[in-house]
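# Residue-level structural notes
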Amino acid sequence: MTLSYSESWRAHFRTIAGIVGKDKEAEDWLARYESKAAAIGKRIKKRTGDETFLILGIGQDRYVVYGQRNIGAVLYGDLNLPAPDGVKHIGHFKEIELDELPALEADRILLTIFRNDGTMSSDQAIRKQLRRLYASKQWQSLRAVRNGKVYGIYDGRHLYTSYNPLSHHLLLDKLQQLLLAD
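Report follows, based on the coordinates. Counting restarts for each chain: residues are numbered from 1 in the order of the written sequence. Only residues with pLDDT of at least 70 are given local features in this predicted model, and only at 80 or more are side-chain atom pairs given and counted; all residues enter the totals for whole chains, interfaces and linings. Side-chain numbers come from the whole structure's heavy atoms, not from hydrogens or water.

### Topic: the packing of helix 2 (residues 23-48) against helix 7 (residues 165-180)
For the record, the criterion: Comment: axis = line fitted to C-alpha atoms, over the contacting stretch for helices; angle = value between 0 and 180 degrees taken between N-to-C directions. Helix numbers and strand numbers start at the N terminus; a helix is a DSSP run of H or I with at least 4 residues, a strand a run of E with at least 2. Orientation categories follow fixed angle ranges, with anything under 35 degrees roughly parallel, anything over 145 roughly antiparallel, 65 to 115 roughly perpendicular, and all other angles oblique. Working rule for handedness: look at the near helix, and if it is turned counterclockwise from the far one by less than a right angle, call the crossing left-handed; if clockwise, right-handed. What makes two residues a contact is simply this: any of their non-hydrogen atoms within 4.5 Å.
As a packed pair, helix 2 and helix 7 sit with axes 10 Å apart at the nearest point and diverge in direction by 25°. Relative to helix 7, the element helix 2 is oriented roughly parallel. Considering how the two elements wind past one another, helix 2 and helix 7 form a crossing that is left-handed. Two secondary-structure elements touch here, helix 2 through Trp29, Tyr33, Lys36, Ala37, Ile40, Arg43, Ile44 and Arg47 and helix 7 through Pro165, His168, His169, Leu172, Asp173, Leu175, Gln176, Leu179 and Leu180.

Dropping the structure here:
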């Protein structure tokens, strides 16, 4: 069996559950997830209003903006948080240059890793890219940076950026911790 890339993570989950005879368990899990996402989304929206969220991935030699899939499926879909105009039509992700950042102005930025293979050289290259980002005038000019509304999601290689139920559930918890703490 092959899962179609174009299907949602929910469809993938239901398909796999059906194969292993766990349809009811999957539906129960999805109902709990939907309820949790709605509650967290409501609390975040109450705190952030119409503020926009940008998801920026730091790779070994590139920067990417995540769109409507993977981590964006949770942020923009399940939590219904607004994306900057330049992000609304990005499917999975789009590579960008530093000089493109100001055009993607957002009120809040989530920073995460992009394609870390777990090797020391990959980790070092990503840290170098992150230092380059922090030192850039484009980064320093962003509203979210000036207002201290940048959140790092680095704990765990691809833990939150994978397109599966567990990653999305863990991301809900992480976003609740980052955006609703205090």
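Now, onward.
### Concerning the packing of helix 1 (residues 9-19) against helix 2
We count it as follows: Throughout this entry, Asp, Glu, Lys and Arg are counted as charged residues, while Ala, Val, Leu, Ile, Met, Phe, Trp, Tyr, Cys and Pro are counted as nonpolar. The remaining residues, Gly among them, count as polar.
At a closest axis distance of 8 Å, the pairing of helix 1 and helix 2 adopts a crossing angle of 155°. Relative to helix 2, helix 1 is oriented roughly antiparallel. Relative to helix 2, the crossing made by helix 1 is right-handed. Contact residues: helix 1 offers Trp9, Arg10, Phe13, Arg14, Ala17 and Gly18, while helix 2 offers Asp23, Ala26, Glu27, Trp29, Leu30, Tyr33 and Glu34. Along the lines of polarity and charge, the residues of the contact of helix 1 with helix 2 split into 7 nonpolar, 1 polar and 5 charged.

### A closer look at the nonpolar core
What tends to happen in soluble globular proteins is that the nonpolar side chains get buried as a cluster. Let me state the cut-off plainly: Note on terminology: a nonpolar core comprises buried Ala, Val, Leu, Ile, Met, Phe, Trp, Tyr and Cys residues joined through side-chain atoms within 4.5 Å. Exposure categories follow from relative accessible area, calculated using a 1.4 Å probe and restricted to protein chains: below 20% of the type maximum is buried, above 50% is exposed, and the middle band is partly exposed.
Leu56, Leu79, Leu101, Ile109, Leu133, Trp139 and Leu175 are the most contacted members of the largest nonpolar core, which totals 49 residues. Setting aside residues up to four positions removed in sequence, tryptophan 139 forms contacts with Leu56, Leu101, Ile109, Leu111, Leu133, Tyr134, Val145 and Val150.

### A look at the environment of isoleucine 19
Residue placement: isoleucine 19 occurs in helix 1. The class of isoleucine 19 is exposed, set by a relative accessible area of 56%. Spatially, the C-alpha atom of isoleucine 19 lies 26 Å from that of alanine 37, the residues being 18 residues apart in sequence.

### Describing the pattern of salt bridges
As a reminder of what qualifies: By salt bridge we mean one thing: a side-chain nitrogen of Lys or Arg within 4 Å of a carboxyl oxygen of Asp or Glu.
Counted under the stated rule, the structure contains 12 salt bridges. Between arginine 108 and glutamate 51 there is a salt bridge whose closest N-O contact spans 2.4 Å. Taken as a pair, arginine 108 in strand 4 (residues 108-113) and glutamate 51 in the loop between helix 2 and strand 1 (53-58) lie far apart in primary sequence, 57 residues in all. For the pair arginine 108 and glutamate 51, a shared accessibility class is recorded, and that class is buried. As a salt-bridge pair, glutamate 95 and arginine 62 come within 3.4 Å of each other at their nearest N and O atoms. Residue glutamate 95 is located in strand 3 (residues 93-96), and its partner arginine 62 is located in the loop between strand 1 and strand 2 (63-66); the two are separated by 33 residues in the primary sequence.

### A closer look at the pairing of strand 4
Remark: a regular strand shows side chains that alternate across the two faces of the sheet. Put simply, the rule is: When DSSP finds at least two bridges between two strands, those strands are taken to pair.
Within strand 4, 6 of the 6 residues are buried, which leaves it mostly tucked inside the rest of the structure. Going residue by residue along strand 4, you find Arg108, Leu110 and Thr112 tucked away on one face and Ile109, Leu111 and Ile113 tucked away on the opposite face as well. Summarising the sheet, strand 1 and strand 4 pair through 6 bridges and their orientation is parallel. Across the sheet, the residue bridging to phenylalanine 53 is arginine 108, located in strand 4.

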